[in-house]
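A closer look at the structure
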Amino acid sequence: MKRFTVRDANEGFTCAQCGATVRPLANGSVRNHCPVCLWSLHVDVNPGDRASDCGGPLEPVAVDHHPKKGWVIVHRCSDCGAERRNKAALDDPEQPDDYEVLVALSVREHARR
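Attention in this report is confined to the structure presented alongside it. (Residues numbered from 1 in each chain as written. Predicted model: local features only at pLDDT ≥ 70, side-chain atom pairs only at ≥ 80, totals over all residues. Heavy atoms only, no water.)

A few words on the side chain of His33. With respect to the helices, strands and loops of the structure, His33 is situated in the loop between strand 2 (21-22) and strand 3 (40-41). Here the side chain of His33 touches Asn32 through a polar contact of 2.8 Å, side chain to side chain. Polar side-chain contacts of His33 include one of 2.7 Å to the side chain of Asp97. For His33, the residues in contact, after removing those within four places along its chain, are Phe13, Val22, Leu38, Trp39, Ser40, Ile73, His75, Asn86, Lys87, Ala88, Ala89 and Asp97. (Helix = DSSP H or I, 4+ residues; strand = E, 2+ residues; numbered from the N terminus. Polar contact = N/O pair within 3.5 Å; in protein donor to acceptor, adjacent residues only side chain to side chain. Contact = heavy atoms within 4.5 Å.)

Here the focus is the pairing of strand 4 (residues 57-66). Side-chain direction in a regular strand flips from residue to residue, so the side chains alternate between the two faces of the sheet. Examined bridge by bridge, strand 3 and strand 4 share two bridges and lie antiparallel to one another. Paired with Leu41 across the two strands is Pro57, which belongs to strand 4. Pairing between strand 4 and strand 5 (residues 70-77): eight bridges, direction antiparallel. Bridging from a neighbouring strand, Ala62 pairs with Val74 of strand 5. The antiparallel pairing of strand 4 with strand 5 creates a hairpin that spans three residues between the two strands. (Pairing = 2+ DSSP bridges.)

Our focus in this paragraph is the sheet that holds strand 4. Sheet architecture is open: four strands sit in the order 3-4-5-6, paired in antiparallel fashion. Each edge of the open sheet carries a strand with a single partner, namely strand 3 and strand 6 (83-87).

Bridge count between strand 5 and strand 6: five bridges; the pairing is antiparallel. Paired with Val74 across the bridge in strand 6 is Arg85. Counted along the chain from strand 5 to the antiparallel partner strand 6, the turn is five residues long, and its residue Gly81 has a positive phi close to 85°.

Listed below in structure tokens is the structure:
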């Protein structure tokens, strides 16, 4: 299997969950979730490598705050149960993550506790 570099992985895509057209991150990092609904796909073993054979949908299930990374979205794979943590892209000038969806996820997750 070909291993992609992060540069190869920073491409736009159509969200499999909501159908939004998602552009690559403007800062050159890897866009790994939809900025509209926050869903992702289980395609990476390590960020940007596209080496996972699962490919299942990653549901956003929680939000954490990391002192250096800022807001982090916790995703759980609907197929295999794996959990992944992805930095929220709130500062992307072209297509930032929807802050209201992030807050709603945080409130929903907090209510379950």
